[in-house]
Amino acid sequence: MTPEYRTQHNSNKDVALPWASSKTSILHVGIDLGTSRSAIASSNGSREVMASLVGWPKDSVSARVLGASILVGDAVLENRLALHTCYPLNAGNLAFTELSGPEKDASKKAGVTLLDALRKASNPRPDQAVCAVIGAPAEATRENKQAIVDLARDAGIDGVMVVSEPFAVAYAVNALENAIVIDIGAGTIDLCRMAGSLPGAEDQVTVFRAGNYVDQRLAELIREAHPQVQFTSNMIKLAKERFSSVVDTENRALVTFPVAGCPTKIDITPQLRSAVEELVPWITQGIQSLVATFDPEFQHRIRNKIIVSGGGSQVFGLQEALEKGLEALGGGRVTIVDDPVYAGAQGALKLAQEMPEEYWSQMRR
Amino acid sequence: MTLEASDSPLPLPASSVHELQDLQKKGISRLRVVSASQLRDSARMALAQALNEMLGEIQICGEERQLILDRAQSHLMPSNPSIDPSPVETPEVAPASEPVSRADEAHQSQPQASASKGPLGEREKALLVQLSRLIARDWRTELATVRDSQRTQVERLEMRIEELTLALHATDHALASEDKQCTAELEVKSPFDHKKSELLDQLFQANVALRSLADETAPGETRSQDREGR
């Protein structure tokens, strides 16, 4: 039987999807749509994390060399010199919603391409309808949530639901009551108070200083200390991911950056620690605001159940640094999730799988 | 488990056929398969041996001995090619016939021919009845031996399966008890677990509202003020 095809209603004409009703089974998918990296986990066991980055060849030569008209994920980072690159997300939100003109179209297309790549990474069979729960920043605007739904549908995802990212993490670790979940990403740090019901606006705080802010501060501090050193934002990012720590250790963060074209080893340990430590007060302030507005009888409970996930949670010594920062608030206990990179996607997948099938039927219409 | 099919190549009364999957479920991973032809061969061998022993004991002339051997062989050899074309080893039977000289052979050829055509004597009949009984008894003995051997193995396996099943039940019971305790603890710690369906419903309603309100979003409104289904 030939599947019936329809043309998408929006301006993007690149993607034509088989009509959902021709699909006989469902593939549940959880997506953590991040500013820097996005992760996907699906009910068939597929898991993948990729850079949230899309690139187009700069000219016909690069197109010929790369053998593709558009690249997505880590391949863009590897070939970025031959590409026009675009991060579809900015500070946790879809960037095109704040753009206009050709830039908006390009950013929107990048968003569809990224979601399409994530869908393909879930390895759906042709007869499977992809039903995805997508994690969005805690304080994502309604416009942005709707934009995520629209782009996901344009990318061939048949059923879409959007959920607060820290809530997805809370669902993954079954911390749905008397807990605070913190998702440290690149664009935002999302804090969410779990009180036994779906979190509302007053239960969530988003800090717009996260991994990218650390990169920016680290670059500034290195430039101050070593004005002659040459580096790019990607080199800074790699150094941060390799050495980031908020505690004094004997290990030194030694990187090889060029100085006047000559590879030179420099010690960036103090700059790195300083840049990372700057995040801690922002996080503890967010925790304080959520604790302070909670029922006084239960405040001690949520202070003692703080769960941290996301790529930023892998900073060495963060757990101790946060607990130290919480001492001024009366103390608290911090736990880092076992699988911080995939925790959001796994929670979203769990939600997708436990969502009744009739709900998905309605969302697919 | 089912009763043996009537079209089985080797019908064994009171025997049973086990589904391989059932055996695998019971933990049996290896089986020795004895084919019908092997069983027949074993039985034929035993029969031929018994026949040799009996012919050694009774006092009969060479002609009668040969007659008995011929008749026995006609029963023993596979006459129906559809059952088993494999040759039956009957060396134990054939050498039992005494060497006969050409002269004797010529002398005996006429009576033998007449004996094979004409009615049997009383003694021959008695011998054949005795032989028939012996054959029947040996067949039954052999089959019973094989069946007993199989039954012993099956019984041993069934006992083992029973032991394992009991152990499994005991483990299940222990785990179930532990689960109940854990569930009871969780019920105390997290009563929210019982409201998961309600939570999922809220999330669904929030997303339905998100879709329906998309076109109605007021200009300038940027921050999400909804309570996501609350």
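Residues numbered from 1 in each chain as written. Chains lettered and ligands numbered in written order. Predicted model: local features only at pLDDT ≥ 70, side-chain atom pairs only at ≥ 80, totals over all residues. Heavy atoms only, no water.

Engineer: Whenever I open this one, the overall build of chain B confuses me. Can you help?
Structural biologist: Scanning chain B from terminus to terminus reveals six helices and two strands. Starting at the N terminus and ending at the C terminus, chain B contains elements arranged as β-β-α-α-α-α-α-α. Here chain B holds 230 residues, and the buried ones make up 23% of them. Intrachain contacts of chain B at a sequence separation of at least 6 include 65% that bridge at least 24 residues. Total accessible area on chain B is roughly 16,300 Å²; 54% of this is exposed by carbon and sulfur atoms. (Helix = DSSP H or I, 4+ residues; strand = E, 2+ residues; numbered from the N terminus. Buried < 20%, exposed > 50% of the residue type's maximum accessible area, 1.4 Å probe, protein only. Contact = heavy atoms within 4.5 Å. Areas by Shrake-Rupley, 256 points an atom, 1.4 Å probe, with all protein chains shown as cover.)

Engineer: Please explain the overall build of chain A as it appears in this structure.
Structural biologist: Each helix and strand counted, chain A has 13 helices and 19 strands in total. In chain A, which comprises 365 residues, the proportion classed as buried is 56%. Pairs at least 24 residues apart make up 67% of the contacts formed inside chain A by residues separated by at least 6 positions. Within the structure as shown, chain A displays about 15,800 Å² of accessible surface, and the carbon and sulfur contribution to it stands at 50%.

Engineer: Explain the sheet that holds strand β12 (residues 159-164) of chain A here, please?
Structural biologist: Strand pairing in a sheet takes place through backbone hydrogen bonds and is either antiparallel or parallel in direction. Residue and element names in this part refer to chain A. Pairing in this open sheet of five strands is mixed, and the strands run β5-β4-β3-β11-β12 from one edge to the other. Either end of the sheet is taken by a strand with one partner, and the two such strands are β5 (47-51) and β12. Averaged over all pairs of adjacent strands, the angle between their axes in this sheet comes to 20 degrees, without regard to strand direction. Relative to strand β11 (residues 128-136), strand β3 (residues 25-32) runs parallel, the two being bridged by eight bridges. Bridging from a neighbouring strand, I31 pairs with I134 of β11. Here helix α5 (residues 165-172) sits on the sheet and contacts β3, β11 and β12; the angle it forms with β12, its principal contact strand, is near 90 degrees. (Pairing = 2+ DSSP bridges. Axes fitted to C-alpha atoms, helices over the stretch in contact; angles between N-to-C directions.)

Engineer: Looking at this model, I keep getting lost on the side chain of A:T113. Mind explaining?
Structural biologist: All names here are of chain A. Its location among the elements puts T113 in helix α3 (residues 101-121). Residue class for T113 comes out buried when judged on its relative accessible area of 17%. Sequence-distant contacts of T113, defined by excluding residues within four places in its chain, comprise V54, I70 and V72.

Engineer: Is there a simple way to think about the confidence of the model for chain B in this case?
Structural biologist: Fine structural detail should not be taken from predicted coordinates in areas where pLDDT scores are low. All names here are of chain B. On average, residues of chain B score 64 in pLDDT, and 58% of them are at 70 or above. Of all secondary-structure elements in chain B, the lowest mean pLDDT belongs to helix α4 (residues 102-117), at 41, while helix α6 (residues 196-213) reaches the highest, 82. Here residues 1-9 scores under 50 on pLDDT; set against residues more than four positions off or in separate chains, the count is 15 contacts. A low-confidence stretch, residues 218-230 (pLDDT under 50), is modelled with 29 contacts involving residues beyond four sequence positions or located in other chains. The complex prediction reports pTM at 0.60, with the ipTM value standing at 0.75. (pLDDT = per-residue confidence, 0-100.)

Engineer: I would appreciate a short explanation of the packing of aromatic side chains in the present structure.
Structural biologist: The geometry of an aromatic ring pair is captured by the separation of the ring centres together with the interplanar angle, meaning the angle of the planes. Under the definition given, this model contains three aromatic pairs over all chains. Residues A:F231 and A:F257 carry aromatic rings whose centres are separated by 5.9 Å and whose planes lie at 35 degrees to one another, so their mutual orientation is tilted. Placement of A:F231 in the loop between α6 (211-225) and α7 (233-243) and of A:F257 in strand β16 (residues 254-259) is noted, with a sequence separation of 26 residues between them. A relative accessible area of 4% places A:F257 in the buried class. Taking the centre distance of 4.0 Å and the plane angle of 5 degrees together, the rings of A:Y359 and B:F204 count as stacked. (Phe/Tyr/Trp six-rings, centres within 6.5 Å; stacked < 30°, edge-to-face > 60°.)

Engineer: Before we go on, may I ask you to explain the environment of A:I180 in this structure?
Structural biologist: All names here are of chain A. By the secondary structure assignment, I180 is in strand β13 (residues 177-184). Judged by relative accessible area, which is 0%, I180 ranks as buried. Along the backbone, I180 and I287 are 107 residues apart, and their C-alpha atoms lie at a distance of 7.6 Å. When neighbours within four sequence positions are excluded, I180 is seen to be in contact with C192, R193, I287, L290, V291, I302, K305, I306 and I307.

Engineer: Help me out: how do you make sense of the packing of α3(A) against helix α4 (residues 142-154) of chain A in this one?
Structural biologist: Between two packed helices, both the angle of their axes relative to each other and the distance between the axes serve to describe the pair. Residue and element names in this part refer to chain A. Direction vectors running N to C along α3 and α4 enclose 65 degrees, while the axes themselves pass 8 Å from each other. In the packing of α3 onto α4, the handedness of the crossing is right-handed. Where α3 approaches α4, its residues K108, G111, V112 and L115 are matched on the opposing element by I148, L151, A152 and D154. (Left-handed = near helix turned anticlockwise from the far one by under 90°.)

Engineer: How should I be thinking about α3(A) in this particular structure?
Structural biologist: For an α-helix, the turn length of 3.6 residues means that residues three or four places apart are oriented alike. Residues and elements named next belong to chain A. The end-to-end C-alpha distance of α3, which contains 21 residues, comes to 31 Å, matching closely the 30 Å that a straight helix rising 1.5 Å per residue would cover. For α3, the complete set of buried residues consists of S107, A110, G111, V112, T113, L114, L115, D116, A117, L118, R119 and A121. Positioned one or two residues after α3, N123 has a phi angle of 55 degrees, which is positive. (Expected span 1.5 Å × (residues − 1).)

Engineer: Could you clarify how one ought to interpret the packing of helix α8 (residues 269-277) of chain A against helix α9 (residues 279-292) of chain A in this entry?
Structural biologist: Residues and elements named next belong to chain A. For the pair α8 and α9, the least separation of the axes is 4 Å and the interaxial angle reads 15 degrees. With respect to α9, the axis of α8 lies roughly parallel. In this structure, α8 uses A275, V276 and E277 to contact α9, whose residues at the interface are L279, V280 and P281. Residues belonging to the contact of α8 with α9 are distributed by class as follows: five nonpolar, no polar and one charged. (Parallel < 35°, antiparallel > 145°, perpendicular 65-115°, else oblique. Nonpolar A, V, L, I, M, F, W, Y, C, P; charged D, E, K, R; others polar.)

Engineer: Just checking my understanding: could you explain the pattern of salt bridges for this structure?
Structural biologist: Side chains that carry opposite charge are capable of pairing whenever their charged atoms lie near each other. Residues and elements named next belong to chain A. One pass over the structure, following the stated rule, counts 10 salt bridges over all chains. In this structure, D127 and R125 form a salt bridge, with 3.1 Å as the shortest nitrogen-oxygen distance. The salt bridge involving K240 is made with D215; its shortest N-O contact spans 3.0 Å. Taken together, the residues K240 in helix α7 and D215 in helix α6 connect sequence positions 25 residues apart. Each member of the pair, K240 together with D215, is buried. Bridged by salt links that share partners, the residues D116, R119 and K120 form one connected network. (Salt bridge = Lys/Arg side-chain N within 4 Å of Asp/Glu carboxyl O.)

Engineer: Would you mind going over the environment of A:L218 with me for this structure?
Structural biologist: All names here are of chain A. Within the secondary structure, L218 sits in helix α6. Taking the relative accessible area as the measure of exposure, L218 reaches 0% and is therefore buried. Sequence-wise, L218 and A239 are 21 residues apart; in three dimensions their C-alpha atoms are separated by 9.7 Å. If near-sequence neighbours (up to four positions away) are discounted, L218 is found in contact with I236, K240, Q271, L272 and A275.

Engineer: Just checking my understanding: could you explain the pairing of β16(A) for this structure?
Structural biologist: Within a regular strand, side chains alternate between the sheet's two faces. All names here are of chain A. As paired strands, β16 and strand β17 (residues 262-267) are joined by six bridges and run antiparallel to one another. In the sheet register, V255 faces β17, and the bridge partner there is I266. Between β16 and β17, which follow one another and run antiparallel, lie two residues, and A260 among them has a positive phi close to 55 degrees.

Engineer: Explanation requested: the nonpolar core in the structure shown.
Structural biologist: Counting 42 residues, the largest nonpolar core has A:I182, A:I189 and A:I287 as its most contacted members. Counting 34 residues, the second largest nonpolar core, distinct from the first, contains A:V29, A:W56, A:A147 and A:L151. (Core = buried A, V, L, I, M, F, W, Y, C linked by side-chain atoms within 4.5 Å.)

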